[in-house]
Amino acid sequence: MHVRPLSIPGSFEFTPRQFDDNRGSFAEWYRFEPLEEAVGHALDLRQANISRSAKGVLRGIHYVDLPGQGKYVTCAYGAVLDFVVDIRVGSPTFGQWDTVLLDDKDRRAIYISEGLGHAYVSLEEDSIVTYLCSNVYNGDTEGAIQPQDPTVALTFPPELGSPILSDKDTVAPTLQELLEAGSLPTWEEARRYFRQ
């Protein structure tokens, strides 16, 4: 498995080796050793999620208050453009983002450590995304940032047109509003969740 650190500290892209033959293909989409080596600890798997999205659906920017929820995410069917957004106050990359194309061809995965924001836009009809999570869902600790916040300025393929958002994401506050409210995780708190 090839591991590539992303430009946001605490996030990584994983590309598995695939084995193709006349029956189809096989790949190990998750293996604990490469993740543990990259992040500095094993993924303490507590929950697994799956979602299906129509083309043009934008999910996120979502985050969880610390201790948070580390996520290992891949696209089992279709294709999504996956974003990791640095929302950690005091981080050298605060407000910046990086992206990975997740699809059913290259079978890449992305790891998003605790304290980071996460979003993705579906590039194909019925894209299926799976997540391995280090903590269980708790609605009281979940937060959202307006995914079309111009200060974050996520970039989407223009051919998708206007993204399809949930009601929650449509009315979510901006990064600046959450910063002013003191609602974001800090760089110092989040640094304990990944190797530097």
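See the structure above.
Let me sum up the structure you'll find in this document. Residue numbers run consecutively from 1 along every chain, following the written order of its sequence. Local features in this predicted model are restricted to residues of pLDDT 70 or higher, and side-chain atom pairs are both shown and tallied only at a pLDDT of 80 or more, whereas totals for entire chains, interfaces and linings draw on every residue. The side-chain values count all of the structure's non-hydrogen atoms but skip hydrogen atoms and water molecules.

### Some details on the layout of surface pockets
Inference 1: The definitions used throughout rest on a 1 Å grid laid over the protein atoms alone, on which a cavity is an enclosed set of points accommodating a 1.4 Å probe that cannot get out and a pocket is an open set flanked by protein within 12 Å on both sides along at least five of seven lines; lining residues are those having an atom within 4 Å of a point. Grid points are joined across faces, edges and corners, and a volume is the space filled by probe spheres set on the points. If you add up the space inside the largest pocket, you get close to 380 Å³.
Inference 2: As for the largest pocket, its lining consists of 21 residues, of which Asn49, His62, Lys71, Tyr131 and Glu142 are closest to the centre.
Inference 3: Those elements that provide at least two residues to the lining of the largest pocket are strand E5 (47-53), strand E6 (58-64) and strand E11 (117-122).
Inference 4: Secondary structure elements follow DSSP: runs of H or I of four or more residues count as helices, runs of E of two or more count as strands, with numbering from the N terminus. Per-element tally for the lining of the largest pocket: the top contributor is E6, with 5 residues.

### As for the sheet that holds E6
Whether parallel or antiparallel, the strands of a sheet pair through hydrogen bonds between backbone atoms.
Inference 1: Sheet architecture is open: 5 strands sit in the order E9-E8-E11-E6-E13, paired in antiparallel fashion. Both edges of this open sheet fall to strand E9 (97-103) and strand E13 (142-144), since each of them pairs with a single strand only. Mean inter-strand twist for the sheet, computed between neighbouring axes without regard to direction, equals 25°.
Inference 2: Two strands form a pair only when DSSP identifies at least two bridges running between them. Across 3 bridges, the pairing between E6 and E13 is antiparallel. Within E13, the position partnered with His62 by the bridge is Ala144. Angular values range over 0 to 180 degrees, each being the angle between N-to-C directions of two axes fitted as lines to C-alpha atoms, with helices fitted over their stretch in contact.

### Concerning the state of the cysteines
The bond known as a disulfide is covalent and runs between the sulfur atoms of two cysteines.
Inference 1: Count a disulfide wherever a pair of cysteine sulfur atoms falls within 2.5 Å. Applying the stated criterion across every chain, the model contains 0 disulfides.
Inference 2: The closest cysteine sulfur to the non-disulfide-bonded Cys75 is located on Cys133, 16 Å from its own sulfur.
Inference 3: The exposure class of Cys75 is buried, given its relative accessible area of 1%. Exposure categories follow from relative accessible area, calculated using a 1.4 Å probe and restricted to protein chains: below 20% of the type maximum is buried, above 50% is exposed, and the middle band is partly exposed.

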